[in-house]
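This is what each chain is made of:
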Amino acid sequence: MNKYRIILSGGGTGGHIYPAVAVAEALERRLRRENVELLFVGAEGRMEMEKIPALGYNIQGLPVAGIQRKLSLANLKLPFKIAASVRRARQVIRDFAPDVVAGFGGYASGPVLWSAQRMGLPTLVQEQNSYAGVTNKLLAKRAKKICVAYYGMERFFPAAKIVFTGNPLRGSFGQTGDARAEALEYFGLCADRPVLLVVGGSLGTRTLNEMMKRWVARRTSDDKLQVIWQTGKFYAAEMDGFMAGRKADGVWRGAFIERMDYAYAAADVVVSRSGANTVSELCLVGKPAIFVPSPNVAEDHQTKNAAALVARDAAIMVRDADAVTQVMPAVRGLLADTARMSALADNMRSLGIADSADRIAALIVGMVDAARAHVVSP
C-alpha cells in the first residue's frame with residue numbers, strides 16, 4: 001500500500017494550529033501511522049514552528065507575514081515575502097509530492113494552497129468562523145472541499161463544495177456532569193455556590209480582567225459567586241499585584257488553566273471571547289455563555305461568531321466597550337433564571353459536533369482515493 005502523503009497548513013495562532021493537529025491525529029487513527037506521511041507548513045517565526053515539532057510532526061516554514069493594521073514599513077516588504085513564500089511553497093510541494101493539501105487558516109495557508117491548486121493538486125479548505133476570510137474565499141474557487149462550522153456559508157462559498165463538519169478540537173470535550181465534584185475539588189470551590197468561568201485566551205484579555213477587578217473591588221461579604229478566572233500570561237503579574245491583600249476566597253485565579261475540561265465541568269456560566277475554537281468547545285460541553293467578542297481581530301469575525309449563536313438563542317453577547325459594567329449584571333440575571341440557563345445550554349449543545357476531526361480526515365482520505373483512482377483509470 002502506498003502511503004497517503006498529506007500537507008497540512010495552518011498557524012500563527014493556536015486557533016489555526018490545533019485544528020490542523022487534531023486532523024493529523026485523526027488521520028493517523030484512521031489510516032494507522034505507518035500508512036500516512038504528514039508534513040505541516042507554517043510561517044517562519046510563528047508559534048507553529050515550535051509547537052508542531054514538539055508534538056512529533058515535521059514542519060517547513062515560509063517567509064510569509066501578515067499585513068500590519070497600522071502604517072508600517074513592514075507592509076512594503078509584504079509583496080516580496082508573499083512572492084518568496086509562493087516560490088518556497090512550490091518547492092516544498094515538489095519535494096514532498098503530496099496527494100492532498102489541506103489548509104486551516106493562518107499566514108502560510110494562502111501561498112501553500114494557491115500553489116498546490118495551480119500545480120493540479122486537490123485541496124481542502126477549513127473555514128473556522130461564521131464569516132469567511134478573504135484568503136479562504138479566494139482559495140475556495142479551486143478547492144475540492146470546503147469544511148465549515150456554521151450554517152449559511154453558501155453566501156461565501158459554492159454550495160456544492162461545502163461540507164458541514166464543525167471545528168476540529170484536540171482533547172475530550174463532552175458532557176461534564178459526572179466530573180463536576182472532581183472539578184470543584186480541583187479548583188478548591190464549594191458545591192453549594194454558583195461558579196463563573198472567565199476565560200480570555202492564553203495571553204489574556206484586558207477587558208475581562210478589568211471586569212474582574214471591578215467585581216473584586218465591589219464584592220461584599222454576602223456575595224456567594226465563585227469564579228475560575230484565567231488572567232492570561234500577559235496580565236498575570238498585574239493581577240497578582242491587584243489581588244495582593246484582597247479577599248480571595250471562592251476565587252481560583254491563574255495565568256493558564258491546565259484542565260479546561262474541569263473548568264467547564266465546574267462552571268454554571270461562562271464568560272469568554274468568541275474565537276472559533278472556544279465557541280466549538282462550548283457547543284460540545286453545552287454551557288450557558290456570555291460572549292464578549294474581541295474588537296481587534298480580522299473582519300470582526302468574533303462578533304459574527306457570537307451573533308450566529310445569539311440568532312439561535314444559544315448565547316448572550318455583550319460588546320467589548322460595555323463589558324466592564326454590563327457583563328456581571330448579566331451573569332447575575334442569568335444565574336437567577338434557571339429556565340433561561342437551561343434553554344441556552346440546550347441550544348448551545350445542539351450545535352456541537354464531537355467528531356469533527358474524524359469527518360475532515362475521512363474527506364481527505366476520500367480525496368486521495370479519488371485522485372489515485374482517476375490516475376490509474378483507463
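As a starting point, this report considers the structure included with it. (Residues numbered from 1 in each chain as written. Predicted model: local features only at pLDDT ≥ 70, side-chain atom pairs only at ≥ 80, totals over all residues. Heavy atoms only, no water.)

1. A few points about the environment of Met 212
- One can find Met 212 in helix α7 (residues 206–218).
- Relative accessible area serves as the criterion here: at 0%, Met 212 is assigned to the buried category.
- The spacing of Met 212 and Val 198 is 14 residues in sequence and 8.5 Å in space, taken between C-alpha atoms.
- Once residues lying within four places of it in the same chain are set aside, the contact partners of Met 212 are Val 198, Val 227 and Trp 229. (Helix = DSSP H or I, 4+ residues; strand = E, 2+ residues; numbered from the N terminus. Buried < 20%, exposed > 50% of the residue type's maximum accessible area, 1.4 Å probe, protein only. Contact = heavy atoms within 4.5 Å.)

2. Overview of unusual backbone geometry
- Notably, Arg 32 is not glycine yet its phi reads approximately 75°, a positive angle.
- Position of Arg 32 relative to the elements: it lies in the loop between α1 (14–31) and β2 (36–43).
- Of note in the backbone geometry, Ala 97 takes a positive phi value of approximately 55° without being a glycine.
- Position of Ala 97 among the secondary structure elements: in the loop between α3 (74–96) and β4 (100–103).
- Judged by its relative accessible area of 45%, Ala 97 falls in the partly exposed class.

3. So, helix α13 (residues 338–349)
- Spanning twelve residues, α13 covers 16 Å between terminal C-alpha atoms, matching the ideal 16 Å at 1.5 Å per step.
- Among the residues making up α13, those that are buried are Met 341, Leu 344, Ala 345 and Met 348. Projected onto a plane normal to the axis of α13, the buried residues spread over an arc of 100° and lie on a single side.
- On its buried face, α13 is in contact with β11 (269–272), α10 (276–285), β12 (289–291), α11 (301–310), β13 (316–317) and α12 (323–335). (Expected span 1.5 Å × (residues − 1). Arc of directions from axis to C-beta.)

4. Observations concerning α10
- Of all ten residues in α10, nine are buried, a share of seventy percent or more.
- Of all the residues in α10, the buried ones are Ala 276, Asn 277, Val 279, Ser 280, Glu 281, Leu 282, Cys 283, Leu 284 and Val 285.
- At the exit of α10 stands Gly 286, carrying a positive phi of roughly 65°.

5. A few points about the packing of α7 against helix α8 (residues 236–243)
- Where α7 contacts α8, the axes come no closer than 11 Å and their chain directions differ by 5°. If you check the angle between α7 and α8, you find them roughly parallel. The segment α7 lies against α8, with Arg 206, Asn 209, Glu 210, Lys 213 and Val 216 engaging Glu 238, Met 239, Phe 242 and Met 243.
- For the contact of α7 with α8, the class distribution of residues is four nonpolar, one polar and four charged. (Axes fitted to C-alpha atoms, helices over the stretch in contact; angles between N-to-C directions. Parallel < 35°, antiparallel > 145°, perpendicular 65-115°, else oblique. Nonpolar A, V, L, I, M, F, W, Y, C, P; charged D, E, K, R; others polar.)

6. Comments concerning the sheet that holds β13
- The sheet built from six strands is open, its strands ordered β10-β9-β8-β11-β12-β13 with parallel pairing. Only two strands of the sheet have a single partner each, and these edge strands are β10 (251–254) and β13. (Pairing = 2+ DSSP bridges.)

7. As for the side chain of Ser 85
- Structurally, Ser 85 is set in helix α3.
- Those residues in contact with Ser 85, other than ones at most four positions away along the chain, are Leu 62, Pro 63, Val 64 and Pro 111.

8. A closer look at the pairing of β10
- Bridge count for strand β9 (residues 226–230) against β10 is four bridges, and the pairing is parallel. If you follow Ile 228 over to β10, its bridge partner there is Trp 252.

9. Comments concerning the packing of α7 against α12
- Put simply, α7 and α12 touch, their axes get as near as 8 Å, and they point 65° apart. Relative to α12, the element α7 is oriented roughly perpendicular. The interaxial crossing formed by α7 with α12 has right-handed handedness. Contacts between α7 and α12 pair Thr 207, Glu 210, Met 211, Arg 214 and Trp 215 from the former with Ala 323, Val 324, Thr 325, Val 327, Met 328 and Arg 332 from the latter.
- Considered class by class, the residues forming the contact of α7 with α12 number six nonpolar, two polar and three charged. (Left-handed = near helix turned anticlockwise from the far one by under 90°.)

10. Observations regarding the pattern of salt bridges
- In this structure the tally under the stated criterion is 18 salt bridges.
- Note that Lys 213 is salt-bridged to Glu 238, the shortest N-O span being 3.7 Å. Separated by 25 residues along the polypeptide, Lys 213 in helix α7 and Glu 238 in helix α8 bring together distant segments of the chain.
- Residue classification places Lys 213 among the buried positions, given a relative accessible area of 17%.
- What makes Glu 238 partly exposed here is its relative accessible area of 31%.
- Note that Asp 320 is salt-bridged to Arg 273, the shortest N-O span being 2.8 Å. Pair noted here: Asp 320 is in the loop between β13 and α12 and Arg 273 is in the loop between β11 and α10, with a separation of 47 residues, a long-range link. As far as the burial class goes, Asp 320 and Arg 273 line up, both buried.
- What emerges from the salt-bridge pattern is a single network uniting Arg 206, Glu 210, Lys 213 and Glu 238. (Salt bridge = Lys/Arg side-chain N within 4 Å of Asp/Glu carboxyl O.)

Remember that the coordinates give geometry; whether it matters functionally is a separate question.
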